[in-house]
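# Inside the fold
Now for the letters of each chain:
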Amino acid sequence: MNEVEIILKNAKIIGKTGEYNLKLNNGKIAEISKQRLKGDEDIDISGNIILPGLIDPHVHFRDPGLTYKESFKTGSMAAANGGWTTVMDMPNTIPPTNSAKDFIEKEKIANKKSIVNFKLHAGVNGKTTNEEIEKMIKLNPASFKVFMDLENDEILENIFNKLAIVKNKENINSKNVIVTTHCENKEIIEEKTEDMKKKSIKRGNIPIDYSYARPVESEVVSVQYAIELAKKYDLNLHICHISTKKALAIVKNERNSKNNENNKNNKNNKNNKNNKNNKITSEITPHHLFLNNCAFETYENMIKTNPPLRPNGENLTINDLTAIDMIGTDHAPHIIEEKKKGVWNSSPGIPNLETTLSLLLTEVNNKRLDISIIPKLLSQNPAKRFGLNNKGAIEVGKDADLVVIDLKKEGKFNVDEFYTKAKYSPFNGQKYIGKATKTYVNGKLVMEDGIVL
């Protein structure tokens with residue numbers, strides 16, 4: 001039985017002039033034309049823009065083990081509401097996906113509950129064996145996540161060494177070995193946290209203390225070390241949630257150096273395997289992009305997250321987006337009670353799936369951002385980085401993962417209307433201009449006008 005052929009007519013596509021008609025069939029984009037197309041069902045996009053479905057490389061859906069915070073069902077509904085058609089879930093659930101067995105179990109849960117496409121990051125720590133890494137590689141994880149803030153340098157080097165040993169085995173597909181890192185230095189955090197606790201004994205701790213207990217220095221040192229290890233062991237590296245200009249500068253300098261080296265080798269007609277391997281990419285979160293640590297004065301521990309918001313002048317802004325590869329929401333939901341346990345005991349994390357796109361579209365409307373960067377950062381680059389070859393672009397033959405946006409739709413963020421279980425956001429009540437109005441996953445409409453179907 002053939003699927004219904006859907007025609008999305010009178011749509012604008014970024015980078016193209018005029019309006020286009022798209023035919024969706026069997027989960028794919030079957031045809032794109034300015035001419036009228038025939039199908040079973042016509043949907044008038046009315047001159048609105050169609051983007052390739054958004055791809056989030058960094059979410060925490062808390063499933064299994066912590067589903068009172070979020071589940072793959074509620075998390076994927078939040079994703080669809082925000083225009084995301086693919087999400088990549090991090091391994092720190094209960095149990096963590098640090099073994100093939102637990103990876104497979106989580107995959108079963110996601111297959112059953114998720115209404116959007118997904119991939120899973122595998123976890124690796126000092127206790128993970130080479131044999132377990134090999135088993136997980138064969139399950140095609142999005143990456144191997146290393147929480148550098150939880151391990152000392154000796155153990156971190158051992159982890160990178162293990163990954164390299166397994167990657168270089170003859171029966172392993174090395175394309176599946178990307179190391180994704182949370183870059184904060186464990187020793188610096190422990191030392192600075194102790195200092196902050198002592199210094200504030202008289203006045204008591206206040207929320208902003210958290211940002212100085214995990215200082216810029218801890219990220220800078222950790223990013224530098226991650227790059228050193230990736231180069232030493234010839235591993236692809238993706239650095240999560242870059243939050244400071246100094247850390248971004250290290251990444252930029254390293255990539256510029258590598259590009260110059262590759263160009264020189266190409267001119268000499270030498271084979272340089274590092275043209276394909278040892279790539280370094282980075283992401284930024286919406287909260288690190290739009291907020292600095294002054295926000296602690298307003299939102300207190302509600303905006304506690306790791307790495308923390310940075311002081312004004314040291315934080316990243318819209319102007320830094322051209323040096324970033326992608327935006328990862330780091331959607332990390334908690335219940336309200338867990339965000340009210342004080343500076344040191346409140347749970348770190350902010351939900352972002354249902355605010356990110358509108359925040360960026362608002363910047364477009366305010367003439368601070370070129371709209372062409374949105375599909376690049378939210379679709380194209382993550383698709384390329386994580387090997388989603390059929391996604392990330394509006395082209396014939398690609399998966400029919402699409403989001404329709406109304407660039408002029410105005411409103412205010414309202415957590416009570418969100419699908420995530422986390423009913424808090426630093427952007428709650430903030431005005432936006434521009435919103436996702438339809439989300440298609442594999443050619444099927446899953447969200448329309450804020451209603452997840």
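Along each chain, residues carry numbers from 1 onward, in the same order as the chain's sequence is written. Where local features are concerned, this predicted model is filtered to residues with pLDDT of at least 70; where side-chain atom pairs are given and counted, the filter is 80 or more; whole-chain, interface and lining totals use all residues. Calculation of side-chain values draws on the structure's entire complement of heavy atoms; hydrogens and water are dropped beforehand.

Next up on the list: the pattern of salt bridges. Salt bridges are defined by distance alone: a side-chain nitrogen of Lys or Arg within 4 Å of a carboxyl oxygen of Asp or Glu. Enumeration over the complete set of coordinates arrives at 23 salt bridges. Ionic pairing is found between Lys169 and Glu134, a salt bridge with its closest N-O pair at 2.9 Å. With Lys169 in the loop between helix H4 (153-167) and strand S11 (178-182) and Glu134 in helix H3 (residues 130-137), this residue pair connects regions lying 35 residues apart in the sequence. Each residue is placed in one exposure class: buried if its accessible area under a 1.4 Å probe, protein chains only, is under 20% of its type's maximum, exposed if it is over 50%, and partly exposed if it falls in between. On the basis of relative accessible area, Glu134 is assigned to the buried category, the value being 14%. With a shortest N-O distance of 2.8 Å, Lys186 and Glu190 are connected by a salt bridge. A residue pair is termed a helical-turn pair when its members lie 3 or 4 positions apart in one helix, as Lys186 and Glu190 do in helix H5 (residues 186-199) at 4 residues. Only DSSP runs of H or I with at least four residues qualify as helices, and only runs of E with at least two residues qualify as strands; both kinds are numbered from the N terminus onward.

This part is about a negative patch on the surface. Patch membership needs two things, relative accessible area over 30% and no salt bridge, and members are linked within 9 Å if like-charged or within 5 Å if nonpolar (Val, Leu, Ile, Met, Phe, Trp, Tyr). The method behind every accessible area is Shrake-Rupley, applied with a 1.4 Å probe, and residues are considered shielded solely by the protein chains displayed. We treat Lys and Arg as the positive residues and Asp and Glu as the negative residues; His and chain ends play no part in the count. Every charge is mapped to an atom, namely NZ of Lys, CZ of Arg, CG of Asp or CD of Glu. Together, Glu19, Asp40, Glu41, Asp42 and Asp44 make up a negatively charged patch on the protein surface. Turning to its location among the elements, Asp42 is positioned in strand S4 (residues 41-44). You can call Asp42 partly exposed: its relative accessible area is 41%.

Attention now goes to the packing of H3 against H4. Geometry is summarised by axes, namely lines fitted to C-alpha atoms with helices restricted to the contacting stretch, and by angles between N-to-C directions that run from 0 to 180 degrees. Packing of H3 against H4 brings their axes to within 9 Å, and their N-to-C directions diverge by 55°. One finds that H3 runs oblique with respect to H4. In the packing of H3 onto H4, the handedness of the crossing is right-handed. Counted together, Asn130, Ile133, Glu134 and Ile137 of H3 and Lys162, Leu163, Ile165 and Val166 of H4 form the full contact between these two elements. Each angle is binned into one of four classes, with values under 35 degrees roughly parallel, values over 145 roughly antiparallel, values of 65 to 115 roughly perpendicular, and all other values oblique. A clockwise turn of the near helix away from the far one marks a right-handed crossing, whereas an anticlockwise turn of less than a right angle marks a left-handed crossing. Residue contacts are defined here by distance: any two heavy atoms, one from each residue, within 4.5 Å place the two residues in contact.

Residues are said to line a cavity or pocket when one of their atoms sits within 4 Å of a point; the points come from a 1 Å grid over protein atoms alone, cavities being sets where a 1.4 Å probe fits but cannot get out and pockets being open sets with protein on both sides within 12 Å along at least five of seven lines. Grid points are joined across faces, edges and corners, and a volume is the space filled by probe spheres set on the points. Counted by the stated rule, this structure contains 2 cavities of 30 Å³ or more. Put simply, the largest cavity is a space of about 50 Å³. Taken together, Met148, Glu151, Asp153, Leu156, Glu184, Asn185, Lys186, Val221, Ser222 and Tyr225 form the lining of the largest cavity. Counting residues per element, the ones that place at least two in the lining of the largest cavity are H4 and helix H7 (216-232). Following the grouping adopted for this structure description, the nonpolar residues are Ala, Val, Leu, Ile, Met, Phe, Trp, Tyr, Cys and Pro, the charged ones are Asp, Glu, Lys and Arg, and the polar ones are all others, Gly among them. In the lining of the largest cavity, the residues fall into 4 nonpolar, 2 polar and 4 charged. The computed volume of the second largest cavity comes to approximately 40 Å³. Considering the residues around the second largest cavity, the lining is formed by His331, Pro351, Asn352, Leu353, Glu354, Thr355, Phe418 and Thr420. Class assignment for the residues of the lining of the second largest cavity results in 3 nonpolar, 4 polar and 1 charged.

A separate point is the confidence of the model for the protein chain. Confidence of the predictor at the level of single residues is captured by pLDDT, which takes values from 0 to 100. Across the protein chain, pLDDT averages 94, with 95% of residues at or above 70. Segment residues 270-277 is flagged for pLDDT under 50; beyond a separation of four residues in sequence, or across chains, it makes 13 contacts in the model.

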